[in-house]
Amino acid sequence: MKTLTRRATLAALGGALATPYLVRSARAGTAVNLGALRFVSHAPSYIAYERGYFKEAGLDVSFDFFEAAQPMAVAIASGDTDYAMTAISGGLISLADKGVAKVIGGALSEEKGISGQKILASNAAYEAGLQSPADLDGKTFGMTQAGSSFHYMGSRIAAAENAKLKFKPLQKTGAVIGAIKSGQIDAWSIVPHIAKPLADAGAVKIIGEVADYIPNYQVTTVFTSAQNAANETEQTRAFLAALARGAGDFNAALVDKTAEQDEQEAIIALLAAHIYPDRALEDARGPIVNGAMRINPGLSLNRTSVKDQLDWFKSEGLVKSSVEYETLVDESYVEARA
């Protein structure tokens, strides 16, 4: 199938999505562009890059940095980016339905006993009575775009509390942070390396845990173009193997903490350079340590969670009701579990 251009892909989604800013480096050998966010959840990518796991796999990786999930899906489908790891979005599902994108693995997961994504209230909303998710009825909830993971999480939380939310799309994560700090939105849900520092600084209040509403949530997945999944199998398996090595190092150092102290410190320093390049190491340490959530070993995929997300997108009319799980996911690369 012919690869869509970026313009054609945007048109297929029916609207303009934010364009990522890109960082390129000189490459030799098999060049691979890897989509990333400056989040702790993308730790396996940075570890595999810095420790040479990608190079050992015969891949010369360059990062394409994004500020939201849906533009990353556009870049994958248009061929500008080869692989990416972020949340399932309506845009990604629609592109999979058009035969140009595939989920090929799992990544970040909510897990009982590990501090996960937080539900936040602005200080103004908290003082006005929003002190638990049970108080969300009628409140404004921030998200990047309609059909984003924030939309999914907010809807699931609201349904459990029999609440009606007013969703406000703000396009970029940074804009949502600014909106909740200033009281322009009442609530939001986000990964702990962002949530905890905001709360510790007194900028917001933590009022709940996402895991209490969406247990075993497959927060992020690994995906690529349908062309790579179908025709670049050796390259794709090599990429996933290297990424899984990075995930293993991350889990051992900061989630299970089975690694030696020196190794834990090495991982923290490595991640700080990528996630917080403008901060001193000591300023970056807390968010990184407190933001560590499980990355699925071997990049296995939680099939039940992905199906639940797909069903929600269909029920909301955000994607076609005819889209099947197999249209979105290629299970040939990693273990898929219930």
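Residues numbered from 1 in each chain as written. Predicted model: local features only at pLDDT ≥ 70, side-chain atom pairs only at ≥ 80, totals over all residues. Heavy atoms only, no water.

Quick word on the pattern of salt bridges
- For the structure on display, the rule yields 12 salt bridges.
- The partner of Glu56 in a salt bridge is Arg245, and the shortest N-O contact between them spans 2.9 Å. Residue Glu56 is located in helix H3 (residues 53-56), and its partner Arg245 is located in helix H11 (residues 233-255); the two are separated by 189 residues in the primary sequence.
- Look at Glu56 and you get exposed, because its relative accessible area is 58%.
- Look at Arg245 and you get partly exposed, because its relative accessible area is 39%.
- In the salt-bridge network here, residues are joined through shared partners; they are Arg51, Asp249 and Glu263. (Salt bridge = Lys/Arg side-chain N within 4 Å of Asp/Glu carboxyl O. Helix = DSSP H or I, 4+ residues; strand = E, 2+ residues; numbered from the N terminus. Buried < 20%, exposed > 50% of the residue type's maximum accessible area, 1.4 Å probe, protein only.)

Regarding the packing of helix H7 (residues 149-160) against helix H14 (residues 303-315)
- As a packed pair, H7 and H14 sit with axes 11 Å apart at the nearest point and diverge in direction by 85°. By the criterion of interaxial angle, the relationship of H7 to H14 is roughly perpendicular. Two secondary-structure elements touch here, H7 through His151, Tyr152, Ser155 and Arg156 and H14 through Asp308, Gln309 and Trp312.
- Residues belonging to the contact of H7 with H14 are distributed by class as follows: 2 nonpolar, 3 polar and 2 charged. (Axes fitted to C-alpha atoms, helices over the stretch in contact; angles between N-to-C directions. Parallel < 35°, antiparallel > 145°, perpendicular 65-115°, else oblique. Contact = heavy atoms within 4.5 Å. Nonpolar A, V, L, I, M, F, W, Y, C, P; charged D, E, K, R; others polar.)

Some remarks on the nonpolar core
- Membership of the largest hydrophobic core comes to 110 residues, with the highest contact counts inside it found for Trp188, Phe250 and Leu271.
- Of the residues forming this core, the biggest block, 10 residues, is contributed by H11.
- Those residues within four positions of Phe250 in sequence are excluded, and the remaining contacts are Val40, Ala43, Ile47, Val255, Leu271, Ala292, Met293 and Ile295. (Core = buried A, V, L, I, M, F, W, Y, C linked by side-chain atoms within 4.5 Å.)

Describing the pairing of strand S4 (residues 83-86)
- Residues Tyr83 and Met85 line one face of S4 and the alternating positions Ala84 and Thr86 line the opposite face, and both faces are buried.
- Pairing geometry for strand S2 (residues 30-36) and S4, over 2 bridges, is parallel. Each residue of the ladder has a partner; that of Leu34, found in S4, is Tyr83.
- Bridge analysis of S4 against strand S11 (residues 221-225) gives 4 bridges, and the strand direction is antiparallel. Bridge pairing in S11 places Tyr83 opposite Thr224. (Pairing = 2+ DSSP bridges.)

Re helix H8 (residues 173-182)
- Among the residues making up H8, those that are buried are Thr173, Val176, Ile177, Ala179 and Ile180. Summarising the axial view, the buried residues of H8 lie within an arc of 165°, below the 170-degree limit, and thus occupy one face.
- Lining the buried residues of H8 we find strand S6 (118-122), strand S7 (140-143), strand S9 (187-190), helix H9 (192-200) and strand S10 (204-209).
- Just downstream of H8, Gly183 is the residue with a positive phi angle, here 80°. (Arc of directions from axis to C-beta.)

Quick look at unusual backbone geometry
- One non-glycine residue, Gln171, adopts positive backbone phi at about 75°.
- Within the fold, Gln171 resides in the loop between strand S8 (166-169) and H8.
- Taking relative accessible area as the criterion, Gln171 reaches 35% and is therefore assigned partly exposed.
- The phi dihedral of Asn216 is positive, around 60°, even though this residue is not glycine.
- With respect to the helices and strands, Asn216 occurs in the loop between S10 and S11.

Some words on the environment of Glu127
- Relative to the elements of secondary structure, Glu127 occurs in helix H6 (residues 123-127).
- The sequence separation of Glu127 and Ile275 amounts to 148 residues, and the corresponding C-alpha distance is 32 Å.

Considering the confidence of the model for the protein
- Looking at the protein, the pLDDT average stands at 90 and 91% of residues meet or exceed 70.
- A low-confidence stretch, residues 1-28 stays under pLDDT 50, and its non-local contacts, those more than four residues away or across chains, total 54 contacts. (pLDDT = per-residue confidence, 0-100.)

Some points on the packing of aromatic side chains
- Under the criterion given, the structure shown has 10 aromatic pairs.
- Judged by centre distance (4.3 Å) and plane angle (15°), the rings of Tyr83 and Phe239 are stacked. Taken as a pair, Tyr83 in strand S4 and Phe239 in helix H11 lie far apart in primary sequence, 156 residues in all.
- Relative accessible area serves as the criterion here: at 0%, Tyr83 is assigned to the buried category.
- For Phe239, a relative accessible area of 0% puts it in the buried group.
- Taken together, a centroid distance of 5.5 Å and an interplanar angle of 50° make the contact between Phe150 and Trp188 tilted. (Phe/Tyr/Trp six-rings, centres within 6.5 Å; stacked < 30°, edge-to-face > 60°.)

Let's talk about the side chain of His274
- Inspection of the secondary structure puts His274 in helix H12 (residues 261-275).
- Under the relative-accessibility criterion, His274 is labelled buried at 10%.

Describing the packing of H11 against H12
- Closest axis-to-axis distance for the H11/H12 pair is 9 Å, and the angle between their directions is 115°. Judged on the interaxial angle alone, H12 and H11 are roughly perpendicular. Every pair of crossing elements has a handedness; the one defined by H11 and H12 is left-handed. Touching Asp249, Phe250, Ala253 and Leu254 of H11 are Glu263, Gln264, Ile267, Ile268 and Leu271, all from H12.
- For the contact of H11 with H12, a count of residues per class yields 6 nonpolar, 1 polar and 2 charged. (Left-handed = near helix turned anticlockwise from the far one by under 90°.)

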